[in-house]
Amino acid sequence: MRSPAEVLPHRPPFLFLDEVTALVAGNRAEGYWQLNGSEAFFAGHFPGRPTLPGVLMAEAIAQLGAYVVLSDERFVGKLPLFGGLDSARFRRQVTPKERLDLSIEMTRMSTRAGRGQGQALVAGELACEVELFFVVVDDDSKTAAEGR
């Protein structure tokens, strides 16, 4: 399986997916984000009680969803962009050095858009669940890099 950096356009410090551990291209995936405690957001969110921002949990799930989409041959040269979130629920505080186990299943996919149900767990305990919506556009950065 390819590394997230080989599939996704995201780069540190905004790559929140360390490894994909299971994949059915265009359908579902599992992976994780290991927090090492030195992430810059912990210093300010919150001093004395460092907590992973919930929106970054949702972003990590979305990045796993983008991996699912971009692993499907139909979406070569495309870019899935966040279209929205519904039913986001944050169930547990996530702290430095914890591992966020991620999963997503696509519930609808077309050539232009889709939706998926995802969740993040820590040690088997639900931390976040969310329904994600995305739109698929041409990846102009690849076109520019190829000199087209």
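Cut-offs and rules
Residues numbered from 1 in each chain as written. Predicted model: local features only at pLDDT ≥ 70, side-chain atom pairs only at ≥ 80, totals over all residues. Heavy atoms only, no water. Helix = DSSP H or I, 4+ residues; strand = E, 2+ residues; numbered from the N terminus. Rg over C-alpha atoms; globule rule 2.2 N^0.38 Å. Buried < 20%, exposed > 50% of the residue type's maximum accessible area, 1.4 Å probe, protein only. Core = buried A, V, L, I, M, F, W, Y, C linked by side-chain atoms within 4.5 Å. Pairing = 2+ DSSP bridges. Axes fitted to C-alpha atoms, helices over the stretch in contact; angles between N-to-C directions. Contact = heavy atoms within 4.5 Å. Phe/Tyr/Trp six-rings, centres within 6.5 Å; stacked < 30°, edge-to-face > 60°.

(A) Spotlight on the overall build of the chain. Secondary structure assignment for the chain yields four helices and six strands. Starting at the N terminus, the α and β elements of the chain follow one another as α-β-β-α-α-β-β-β-β-α. A compact globule built from 148 residues should have a C-alpha radius of gyration of about 15 Å, and the chain, at 15 Å, falls within 12% of that. Reported as C-alpha extents along the three principal axes, the dimensions of the chain are approximately 50 × 30 × 25 Å. Across the 148 residues in the chain, those meeting the buried criterion constitute 41%.

(B) Structural detail: the nonpolar core. If you look at the biggest cluster of nonpolar residues, it comprises 36 residues, and the most contacted ones within it are Trp-33, Leu-52, Ile-61, Val-94, Leu-100 and Leu-102. Broken down by secondary-structure element, the contributors of at least two residues to this core are β2 (28–34), α3 (54–70), β4 (99–109), β5 (113–122) and β6 (125–138). It is α3 that provides the largest number of residues to this core, a total of 11 residues.

(C) Broad picture of the sheet that holds β4. With respect to topology, six strands assemble into an open sheet ordered β1-β2-β4-β5-β6-β3, the strand pairing being antiparallel. Two strands bound the open sheet, and with one partner strand each, they are β1 (19–24) and β3 (78–90). On average, each strand axis in the sheet is inclined to that of its neighbour by 20 degrees, with strand direction left out of account. In terms of strand pairing, β2 meets β4 through seven bridges, oriented antiparallel. Bridge pairing in β4 links Gly-31 to Leu-102. Sheet strands touched by α3: β1, β2, β3, β4, β5 and β6. Its angle to β4, the strand with the most contacts, is close to 55 degrees.

(D) How the structure looks around the packing of aromatic side chains. If you walk through the whole model with that rule in mind, you get four aromatic pairs. Their ring planes at 55 degrees and their centres at 4.7 Å tell us that Phe-14 and Phe-16 sit as a pair that is tilted. For Phe-14, a relative accessible area of 40% puts it in the partly exposed group. On the accessibility criterion, Phe-16 (4% relative accessible area) is buried. Aromatic side chains Phe-16 and Trp-33 sit 4.6 Å apart centroid to centroid with 25 degrees between the ring planes, which places their arrangement in the stacked category. Of this pair, Phe-16 sits in the loop between α1 (4–7) and β1 while Trp-33 is found in strand β2, placing the two residues 17 residues apart along the sequence.

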